[in-house]
Amino acid sequence: MTTRVRFAPAPTGFLHVGSARSALFNWLYAQSTNGEMILRIEDTDAALRKPEFIDAIVKPLQTLGITWDEGPYYQSQRQQFHVEAVEQLVESGHAYFCNLTREQADELAAEAGLPAGYHGWSRDKGLADSAECVVRFKTPDEGEIVIHDVIRGDVTFSCADLEDFVIRRSDGSPTFLVANAVDDADMNITHVIRGEDLLNTTPKVMLLWDALDFGEPPTYAHLPLLVNEKRKKLSKRRDDVSLMDFLAQGYLPEAMINHLALLGWGPPDDVEIRPIAEIIELFKLENVNKGSAFFDVTKLNHINGEYIRALPVEDFIDMAEPFVYGIDTEISWDKDNYDAAVFAMVAADVQQRVDTLAEIPRFIGWIFTKDVEFDVESKGFKKAIIKGKMVPEILDAMAERFATVEWNAEAMNAAVSAIGDELGARSQVPARVAITGTNAGIPLWDAAATIDRQIVLDRIAALRSLV
RNA sequence: GCCCCCAUCGUCCAGCGGCCUAGGACGCCUGCCUUUCACGCAGGUAACACGGGUUCGAAUCCCGUUGGGGGUGCCA
């Protein structure tokens, strides 16, 4: 039998890295078993039906290279099937109408001295349908439901703990529990792979599944949650989790995928950074971990850096293009001041120093801006300039010689080295700080020679005034 | 409160009863390379939550404790 999996997100705005990870694991499983993947949008709630939300799911998946064979299907468009299922459940006595609000149900519970929750208040009232009514499923009073989970083993719930849950809202729309059962059955889903936060809803879907007489249910696999540094479930409100935001910050899709694949799973041979084809080959659903995983940007940075460094330099230059003007960063400059040929010259040097493409401006800003800023509080500045030996003398000598030195890398470099030799001090670092604003960066002189002489002289003077 | 899940270095992963004086990766530290910073290379740091069993033998199996998390909606 062909395996069929589905990625079924609720459209709630941008795609979150946790959702991307769920999509990825579904995809990995489908790919590794030569199966099929379905994209299904879970928009049973009217508030979720916004076209822009669909784009926010589809585009990131496409960018990541996560493909699907069918869909997107919309649960909202399949509502008639869900409604029919609800009707069937009412007719077969598995469900009933209820006209209580949540507040009323809680009050009743309090009065009766029962724990909060719905205690089947309307079960035997024989209410007829009306505009205020919801439909609730009549959960069995006793017995157990066992979920066979590929990752977690058997998980047992007792029916007594399950309240009669709502399967159709008072506006007539069925809830996702019904939609889940009906659609998974109709679409011949064989494996439901999703986040652990949905584990508790599974017995309810199972109950519906049996009541609807759907036969053999799919196999379940609940993935460990992705958490923040406080070990809380990643949340859109608290955490930076927008997949597209990461890509916009210069993380490569391949690196992102690689990192995500390593959260909750690891290859048996300990080789972490590798092509997706190899990951597909090695991936085993039953080897997925149970414990939650911290989405660690530090590790992502490293992986991304490796991917960037592995790029042919021409590709790096192409990919750098959107980032190269320093838009939205602390360093930016006019497009007219940018010289693509100069960037191409230093690109290979930049490439091995950045972990994300958004860091590029930091390494080249001094070439295309007029003034540089000296971060006098930084450790590098203190070490190189404040504690450096004979810095004023070096700068004075530089100012003098750079006024007339032949304006090319070799001559400039030689002049500064000569100053160092004559004064018996390290002259290259102060020269670098004067010209670039910082003691760290790409090889200096080739790029420096592309800057106007007067600008360089002004920078030397500016630094001289600080020491 | 109730239900469910989880528990190996700070972090991610390996370990599926003997190969473990617990391995890899990130981070951090040291050294080498280097007229800067990186890259690269070589080292180092650091963990089986606790207590009981089972077994000739447990990080691995069972039970309990503790800790963490998820759910508890007419959201999904």
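Computed from a prediction, not measured in an experiment: that's the story for all the values here.

Describing the packing of aromatic side chains
1) Next: Enumeration over the complete set of coordinates arrives at twelve aromatic pairs.
2) Next: Among the aromatic residues, those joined into a ring-pair cluster are F25, W265 and F283.
3) Next: Its guanidinium or amino end placed over the ring of F25, R21 lies 5.0 Å from that ring's centre, counting from NZ or CZ.
4) Next: Lying over the aromatic face of F14, K236 brings its terminal NZ or CZ to 4.6 Å of the ring centre.

Observations concerning the packing of helix 8 (residues 253-261) against helix 10 (residues 297-309)
1) Next: Viewed as axis vectors pointing N to C, helix 8 and helix 10 meet at an angle of 135°, and their least axial separation amounts to 9 Å. When the interaxial angle is binned, helix 8 and helix 10 end up oblique. The handedness of the crossing between helix 8 and helix 10 is right-handed. Facing helix 8, whose interface residues are E254, A255, M256, N258 and H259, helix 10 presents K299, L300, I303, N304 and Y307.
2) Next: Residues that form the contact of helix 8 with helix 10 fall into these classes: five nonpolar, three polar and two charged.

Observations concerning the pattern of salt bridges
1) Next: Counted under the stated rule, the structure contains 23 salt bridges.
2) Next: D106 is the partner of R102 in a salt bridge, and the nearest nitrogen-oxygen pair spans 3.9 Å. With R102 and D106 both in helix 4 (residues 102-111), this residue pair falls four residues apart, about one helical turn.
3) Next: Between E422 and R401 there is a salt bridge whose closest N-O contact spans 2.5 Å. Of this pair, E422 sits in helix 16 (residues 409-423) while R401 is found in helix 15 (residues 391-402), placing the two residues 21 residues apart along the sequence.
4) Next: On the accessibility criterion, R401 (27% relative accessible area) is partly exposed.
5) Next: One network of salt bridges, with partners in common, ties together R6, R40, E42, R78, D183, D184 and D186.

Examining the sheet that holds strand 5 (residues 134-137)
1) Next: Spatially, three strands are ordered 4-5-8 in an open sheet, and the strand pairing comes out antiparallel. The open sheet has two edge strands with one neighbour each: strand 4 (95-98) and strand 8 (166-168). With direction set aside, neighbouring strand axes in the sheet form an average angle of 45°.

Reading the values: the criteria
- Residues numbered from 1 in each chain as written.
- Chains lettered and ligands numbered in written order.
- Predicted model: local features only at pLDDT ≥ 70, side-chain atom pairs only at ≥ 80, totals over all residues.
- Heavy atoms only, no water.
- Phe/Tyr/Trp six-rings, centres within 6.5 Å; stacked < 30°, edge-to-face > 60°.
- Lys NZ or Arg CZ within 6 Å of the ring centre and 35° of its normal.
- Axes fitted to C-alpha atoms, helices over the stretch in contact; angles between N-to-C directions.
- Helix = DSSP H or I, 4+ residues; strand = E, 2+ residues; numbered from the N terminus.
- Parallel < 35°, antiparallel > 145°, perpendicular 65-115°, else oblique.
- Left-handed = near helix turned anticlockwise from the far one by under 90°.
- Contact = heavy atoms within 4.5 Å.
- Nonpolar A, V, L, I, M, F, W, Y, C, P; charged D, E, K, R; others polar.
- Salt bridge = Lys/Arg side-chain N within 4 Å of Asp/Glu carboxyl O.
- Buried < 20%, exposed > 50% of the residue type's maximum accessible area, 1.4 Å probe, protein only.
- Pairing = 2+ DSSP bridges.

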